[in-house]
Amino acid sequence: MTTTAGLPDRIEDESQLETLLVAPSAELVEFAASLSGPIVVLGAGGKMGPTLAARAQAAIDQAGADAHVVAVSRFSDPAAREWLKGYGVQTIAADLLCQDSLSQLPDANTIVYLVGSKFGTRQNPSHTWAVNTIAPALAMQRYPTSTFVALSTGNVYPFSPIDRGGSLESDPLAPVGEYAYAAVGRERIFDHFSRQDGTPVAMIRLNYATDLRYGVLTDLATKVARGETIDLAQGYFNCIWQGDANDLILRALPLAESPPRPINLTSVETFSVREVATRFAELMNCSVRFSGQESETALLSNASQCSELLGAPATPMQQVIRWTADWVQHGGRLLGKPTHFEVRDGAF
Ligand SMILES: NC(=O)c1ccc[n+]([C@@H]2O[C@H](COP(=O)([O-])OP(=O)(O)OC[C@H]3O[C@@H](n4cnc5c(N)ncnc54)[C@H](OP(=O)(O)O)[C@@H]3O)[C@@H](O)[C@H]2O)c1
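Residues numbered from 1 in each chain as written. Predicted model: local features only at pLDDT ≥ 70, side-chain atom pairs only at ≥ 80, totals over all residues. Heavy atoms only, no water.

### A word on the site of the ligand
Around the ligand, the structure places 26 residues, and the nearest of them are R74, F75, S76, L96 and R186. Measuring from an oxygen atom of the ligand, one finds a backbone N or O atom of G46 at 3.4 Å. Between L114 and the ligand, the recorded distance is 2.8 Å, taken from a backbone N or O atom to an oxygen atom. Protein coverage of the free-state accessible area of the ligand, which is 860 Å², stands at 88%. By residue number, the principal contributor to the shell around the ligand is strand 5 (residues 147–153), which donates three residues. (Near = heavy atom within 4 Å. Polar contact = N/O pair within 3.5 Å; in protein donor to acceptor, adjacent residues only side chain to side chain. Areas by Shrake-Rupley, 256 points an atom, 1.4 Å probe, with all protein chains shown as cover. Helix = DSSP H or I, 4+ residues; strand = E, 2+ residues; numbered from the N terminus.)

Next comes the structure, spelled out in structure tokens:
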């Protein structure tokens, strides 16, 4: 059964989920027709990289373009590498903190940069700084004449008043906590090399991709299903279906500029933790308990620029909420990688 938007009513299993996550939009296929040569995806082995790389390859195939995707990561999870090969994506195992590894990568006009490190910052802050600042420096030095779309995060902004509608790209960066400082460091490194070499960069400030196996919605649904108390202090959030996030990341390539152009990528709507958790309880036919009260601020981004330039995310979040409730209730596989979106002191 499908819903009015042509989306399935429920997602039965991972195979159906992955089919949905890698299917490119018509707009992405149209854009892919303009691509040529290798499209190098750096940091492709994490939560977003595999489905992003496979979606890009599918768009290229459907467009009949003379291009191919090269997914680069250490592939700490070897299953991600095997999965990518199944979608016709070339893979290269490389440590992107190592200059020699970069020199062995193929030349490419187009780079999708996903490398990052967030969790474990409290225990090992220097690793977070190294990954988030040295790796971008090496990548920008390796590909000074390429066009980049590079992932940043909404964590570069301070918490903003709920009724303001989220931080704008033009707002001053005022990160909370050491991971967020390192994320600003990542942006500053891209900015430095972009100005020095004229390298065009679209800097994507993403707030919470969600794909049923992980994400803010999965975190909330899981807590509700387990009968855990939901803390309301971080009372509001934005999030986006991972398929839409990946589609828009790739379609942002023509927006790359020097100096880099920041683009907030998330839902246009702001979601209330209380309302979404209550909806999960309804959908899963259980009760929900809350503690505390909503703070007057939250980590929120304003996605108007992205919607105006590229269109709003195509997948309605109310549909994603229904999929997530069903997935969690029926024991769908979870990555076991919580977002910790509720953290307000910036310690990850
Ligand atoms: N997912 C979200 O909701 C979200 C939200 C905001 C921002 N972002 C940003 O979007 C990007 C992608 O997100 P994600 O969720 O896919 O992140 P992720 O799961 O942390 O994936 C990033 C990948 O980068 C690779 N990497 C790290 N150090 C590396 C190194 N030295 N050499 C080669 N590869 C390295 C790792 O894969 P290997 O272990 O295979 O090397 C890692 O899995 C990240 O930069 C993140 O900051 C994501």
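After presenting the structure, the write-up continues.
### Quick look at the nonpolar core
Ranked by size, the top nonpolar core spans 47 residues in total, and within it V112, I249 and L265 carry the most contacts. It is helix 3 (residues 49–63) that provides the largest number of residues to this core, a total of six residues. Sequence-distant contacts of I249, defined by excluding residues within four places in its chain, comprise M48, L52, V112, V149, L151, I204 and L265. (Core = buried A, V, L, I, M, F, W, Y, C linked by side-chain atoms within 4.5 Å. Buried < 20%, exposed > 50% of the residue type's maximum accessible area, 1.4 Å probe, protein only. Contact = heavy atoms within 4.5 Å.)

### Some details on the packing of aromatic side chains
Applying the stated criterion across every chain, the model contains nine aromatic pairs. Taking 4.4 Å as the distance between ring centres and 40 degrees as the angle between the ring planes, the aromatic pair formed by W83 and Y87 counts as tilted. Looking at Y87, the relative accessible area reads 31%, which means it is partly exposed. Ring centres of F148 and F190 lie 6.0 Å apart, and the angle between their planes is 65 degrees; this geometry places the pair in the edge-to-face category. Of the two residues, F148 is situated in strand 5 and F190 in helix 7 (residues 178–197); the sequence distance between them amounts to 42 residues. Here F148 and F190 have matching classes, each one buried. Three or more aromatic residues joined by ring pairs form one cluster here, namely Y208, F237, F271 and F341. (Phe/Tyr/Trp six-rings, centres within 6.5 Å; stacked < 30°, edge-to-face > 60°.)

### Regarding the UniProt feature "domain: NAD-dependent epimerase/dehydratase" (unreviewed entry) in the protein chain
The positions that UniProt labels "domain: NAD-dependent epimerase/dehydratase" (unreviewed entry) are, in the present scheme, residues 39–206. Helix makes up 40% of residues 39–206 and strand makes up 20%, while its end C-alpha atoms are separated by 21 Å. (UniProt positions renumbered as here; feature names shortened; annotations may be inferred.)

### Some remarks on the side chain of D247
Summarising the element assignment, D247 is placed in helix 9 (residues 242–251). For D247, the side chain forms a polar contact with the side chain of R55, separated by 2.4 Å. Beyond its immediate chain neighbours, meaning those up to four positions away, D247 contacts A23, P24, S25, L28 and R55.

### Thoughts on the pairing of strand 1 (residues 37–42)
The element strand 1 is largely enclosed, with a buried count of five among its six residues. Pairing geometry for strand 1 and strand 2 (residues 67–73), over six bridges, is parallel. Within strand 2, the position partnered with L42 by the bridge is V72. Note on the crossover from strand 1 through helix 3 to strand 2: the handedness is right-handed. Where strand 1 and strand 4 (residues 110–113) come together, four bridges link them in parallel fashion. What sits directly across from V40, in strand 4, is I111. (Pairing = 2+ DSSP bridges. Right-handed = clockwise from strand over helix to strand, strands pointing away.)

### Comments concerning the pairing of strand 5
Most of strand 5 is tucked away, with six of its seven residues classed as buried. Here strand 4 pairs with strand 5 via four bridges, running parallel. When the bridges of strand 5 are listed, Y113 appears paired with A150. In this region the chain leaves strand 4, passes through helix 6 (residues 125–142) and returns to the parallel neighbour strand 5; the handedness of that crossover is right-handed. Judged from the six bridges that link them, strand 5 and strand 7 (residues 201–206) form a sheet pairing that is parallel.

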